[in-house]
Amino acid sequence: MNFATTLRGSLALSVTAKPVGRFFPKNNLCLEPTGKNQVASMLKSMENAFSTITADAGNKLGPKKSTYTIAITGASGLYGRAIQNELLSRETIDGRSVRVLKMVRDPDQVKNDGDLYWDPNAEGAALDPAQLRGVDAVVHLAGENVSTGMGPLGFLGLRPWSDEKKALIVSSREKATRALATAIKESSENITFISASGVGIYGDDFIGANAEFATESSDTNKKNFLAEVGRKWEGATSAAVSPLVRIVNLRISPILSKSGGMLGKLYPVFFLGGGGIVGSGEQYLSFVSARDAARVVVHAMENPDLKGPVNVAAPKPCTNAEFTSAFGKVIKRPTILPLPAFAVKIMFGEMGDEMLLGGVRAIPDKLEKSGYQFLHPTIESALNSAINEEEI
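Presented here is an overview of the structure given in this document. Not measured: the values here are computed from a predicted model.

1. What to know about the overall build of the protein
Then step 1. The helix and strand tally for the protein stands at 11 helices and 12 strands.
Then step 2. Counting across all 392 residues of the protein, residues that qualify as buried make up 48%.
Then step 3. For the protein, the proportion of contacts with a sequence separation of at least 24, taken over those separated by at least 6, is 78%.
Then step 4. When the accessible surface of the protein is split by element, carbon and sulfur atoms take 54% of a total near 19,200 Å².

Structure, rendered in structure tokens:
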């Protein structure tokens, strides 16, 4: 017996020939019952209204769907590819088969039912909220590359942070994230919103043996550029705040893979014997293997208590000198050609000063407390995975 039937029976016991008050059902009809027929009509309207309410609730809280649907921005990048590879290897999340929707910024790139068009420059919602119906998680990775410049030679990364480039780095994260977050909130769906950020939010002054560890509760009010970017990036996700939305801000360390990112650029240099320490070599490097970085995303989907900032960093950060030594050993090459600090500043400007000569010593406090176990906790194991593991 459902609640509406019970309600009908209970109210029927109190039927009299006197008015029993007003009732405004969902169809906005006003009934003033004065007898049994009117009361019966009122009860039917109440039952219909209640059935609609419970049906709507069932869509959100009812039987578990057979498919876990994930929409990804930045799906074609290093991290996006690694996540998709991990999802394919898992096949299921929370006991459900996995479906991946790629979110693309060019409407001409929408090629099949697995693609969604979104506008990162939208003033309101980045896409029609109805397109997110049935989506369980949105993984937001898209953002302007921070290590390259603009123009035909931008890929060289020589003094890349012009005022124009910095403005693009910020807007591609802040504005785009807010537009996507707005669509997620307006969808009225139960969605886990996993949005990228970076460990640069903690600053760049983690240098030397006495440098503190950065956890998710550490200071994020440093004045360097990447700290500013991180604050704005994470702040934009607040547009999705809703009882239906769980927000996870992944503070991502450099992801180690020879297929791209930091290591993709360094690999040919080190392979040719041109590697060496950068600056003093005492600056800390937080890192994570591509495999662990991808597994963390799945872990976040499967652990509903994980929310807010989460450091995506191996538990044993290393110095630049330790990274250089380990990399040389893994690829069996000498690392005897240092890159002095003055040369870094001349070649790379502010970016070099912050990303190459500066450092972060972040550790995954919340991840470890949530039960996540790293496959590659040390720089040696992460580099071995990056160089020798199958392409991901």
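Moving on from the coordinates now.
2. Brief notes about the packing of helix α5 (residues 225–236) against helix α9 (residues 341–356)
Then step 1. Orientation of α5 relative to α9, taken along the N-to-C sense of each, is 80°, at an axis distance of 9 Å. Overall, the two elements α5 and α9 adopt an arrangement that is roughly perpendicular. Contact residues: α5 offers Phe225, Leu226 and Ala227, while α9 offers Glu350, Glu354 and Met355.
Then step 2. For the contact of α5 with α9, a count of residues per class yields 4 nonpolar, no polar and 2 charged.

3. Some remarks on the packing of aromatic side chains
Then step 1. One pass over the structure, following the stated rule, counts 6 aromatic pairs.
Then step 2. When the centroid spacing of 6.4 Å and the interplanar angle of 65° are considered together, the rings of phenylalanine 270 and phenylalanine 323 count as edge-to-face. With phenylalanine 270 in helix α6 (residues 261–271) and phenylalanine 323 in helix α8 (residues 320–331), the pair connects residues that are 53 residues apart, well separated along the chain.
Then step 3. Take phenylalanine 270: its relative accessible area is 4%, and that puts it in the buried class.
Then step 4. Relative to phenylalanine 374, the ring of tyrosine 372 lies with its centre 4.9 Å away and its plane at 90°, an arrangement referred to as edge-to-face. The pair formed by tyrosine 372 and phenylalanine 374 is uniform in burial state, with each residue classed as buried.
Then step 5. Three or more aromatic residues joined by ring pairs make a cluster, and in this case those are Phe270, Phe323 and Phe327.
Then step 6. Over the ring of phenylalanine 271 we find arginine 333; its NZ or CZ atom is 4.1 Å from the centre of that ring.

4. Focus on the nonpolar core
Then step 1. Of all hydrophobic cores here, the largest spans 47 residues; its most connected members are Ile70, Tyr79, Ile83, Val139, Leu250 and Met301.
Then step 2. Among the elements that take part in this core, helix α7 (residues 290–302) stands out by supplying 8 residues, more than any other.
Then step 3. Sequence-distant contacts of isoleucine 83, that is, excluding residues within four places in its chain, are made with Ile72, Val139, Leu141, Ala294 and Val297.
Then step 4. Counting residues in each nonpolar core, the second largest holds 23 residues, with Ala71, Ala126, Leu127 and Ile247 among its members.

5. Focus on helix α11 (residues 379–388)
Then step 1. Those residues of α11 that fall on the buried side of the exposure criterion are Ile379, Ala382, Leu383, Ser385, Ala386 and Ile387.
Then step 2. Where the residues of α11 are buried, they touch β8 (255–256), α6, β10 (288–289), β12 (318–319) and α8.

6. Here we look at α7
Then step 1. End to end, α7 covers 19 Å across 13 residues, agreeing with the expected 18 Å (1.5 Å per residue, within 8%).
Then step 2. Those residues of α7 lying buried are Ala290, Arg291, Asp292, Ala293, Ala294, Arg295, Val296, Val297, Val298, His299, Ala300 and Met301.

7. As for the packing of α6 against α8
Then step 1. Orientation of α6 relative to α8, taken along the N-to-C sense of each, is 65°, at an axis distance of 11 Å. α8 is crossed by α6, and the crossing has right-handed handedness. In this structure, α6 uses Met262, Leu263, Leu266, Tyr267, Phe270 and Phe271 to contact α8, whose residues at the interface are Phe323, Thr324, Phe327 and Ile331.
Then step 2. Considered class by class, the residues forming the contact of α6 with α8 number 9 nonpolar, 1 polar and no charged.

8. Things to note about the side chain of threonine 215
Then step 1. As for its placement among the helices and strands, threonine 215 is situated in the loop between β6 (191–198) and α5.
Then step 2. Residue threonine 215 is classed as buried on the basis of its relative accessible area of 17%.
Then step 3. The contact partners of threonine 215, leaving out residues within four places of it in the chain, are Tyr202, Asn311, Ile363 and Asp365.

9. Let's talk about the side chain of glutamate 216
Then step 1. Note on placement: glutamate 216 falls in the loop between β6 and α5.
Then step 2. Only 2.8 Å separates the side chain of glutamate 216 from the backbone nitrogen of asparagine 311, close enough to count as a polar contact.
Then step 3. In terms of polar contacts, glutamate 216 uses its side chain to reach the backbone amide nitrogen of lysine 366, at 3.4 Å.
Then step 4. Discounting chain neighbours no more than four positions away, the residues touching glutamate 216 are Tyr202, Arg251, Pro309, Val310, Asn311, Ile363, Pro364, Asp365 and Lys366.

10. Notes on the pairing of strand β11 (residues 308–312)
Then step 1. Burial analysis of β11 places 4 of its 5 residues in the buried class, the great majority of the element.
Then step 2. Pairing between strand β7 (residues 245–252) and β11: 5 bridges, direction parallel. Bridged to valine 248 within β11 is glycine 308.

11. Quick look at unusual backbone geometry
Then step 1. Phi is positive for aspartate 94, which is not a glycine, with a value near 55°.
Then step 2. Mapped onto the fold, aspartate 94 is located in the loop between β2 (92–93) and β3 (96–104).
Then step 3. Assessed through its relative accessible area of 41%, aspartate 94 is described here as partly exposed.
Then step 4. Not every positive phi belongs to a glycine, and lysine 332 is a case in point at roughly 60°.
Then step 5. Among the secondary structure elements, lysine 332 is positioned in the loop between α8 and α9.
Then step 6. Overall, the relative accessible area of 67% leaves lysine 332 in the exposed class.

12. Regarding the pattern of salt bridges
Then step 1. This structure, assessed with the given rule, holds 13 salt bridges.
Then step 2. The salt bridge involving aspartate 292 is made with arginine 295; its shortest N-O contact spans 3.2 Å. Taken together, the residues aspartate 292 and arginine 295, both in helix α7 and 3 residues apart, mark about one turn of the helix. Assigned by exposure class, aspartate 292 and arginine 295 land together as buried.
Then step 3. Each of Glu86, Arg90 and Arg291 takes part in one network of salt bridges that share partners.

Rules behind the numbers
Residues numbered from 1 in each chain as written. Predicted model: local features only at pLDDT ≥ 70, side-chain atom pairs only at ≥ 80, totals over all residues. Heavy atoms only, no water. Helix = DSSP H or I, 4+ residues; strand = E, 2+ residues; numbered from the N terminus. Buried < 20%, exposed > 50% of the residue type's maximum accessible area, 1.4 Å probe, protein only. Contact = heavy atoms within 4.5 Å. Areas by Shrake-Rupley, 256 points an atom, 1.4 Å probe, with all protein chains shown as cover. Axes fitted to C-alpha atoms, helices over the stretch in contact; angles between N-to-C directions. Parallel < 35°, antiparallel > 145°, perpendicular 65-115°, else oblique. Nonpolar A, V, L, I, M, F, W, Y, C, P; charged D, E, K, R; others polar. Phe/Tyr/Trp six-rings, centres within 6.5 Å; stacked < 30°, edge-to-face > 60°. Lys NZ or Arg CZ within 6 Å of the ring centre and 35° of its normal. Core = buried A, V, L, I, M, F, W, Y, C linked by side-chain atoms within 4.5 Å. Expected span 1.5 Å × (residues − 1). Left-handed = near helix turned anticlockwise from the far one by under 90°. Polar contact = N/O pair within 3.5 Å; in protein donor to acceptor, adjacent residues only side chain to side chain. Pairing = 2+ DSSP bridges. Salt bridge = Lys/Arg side-chain N within 4 Å of Asp/Glu carboxyl O.

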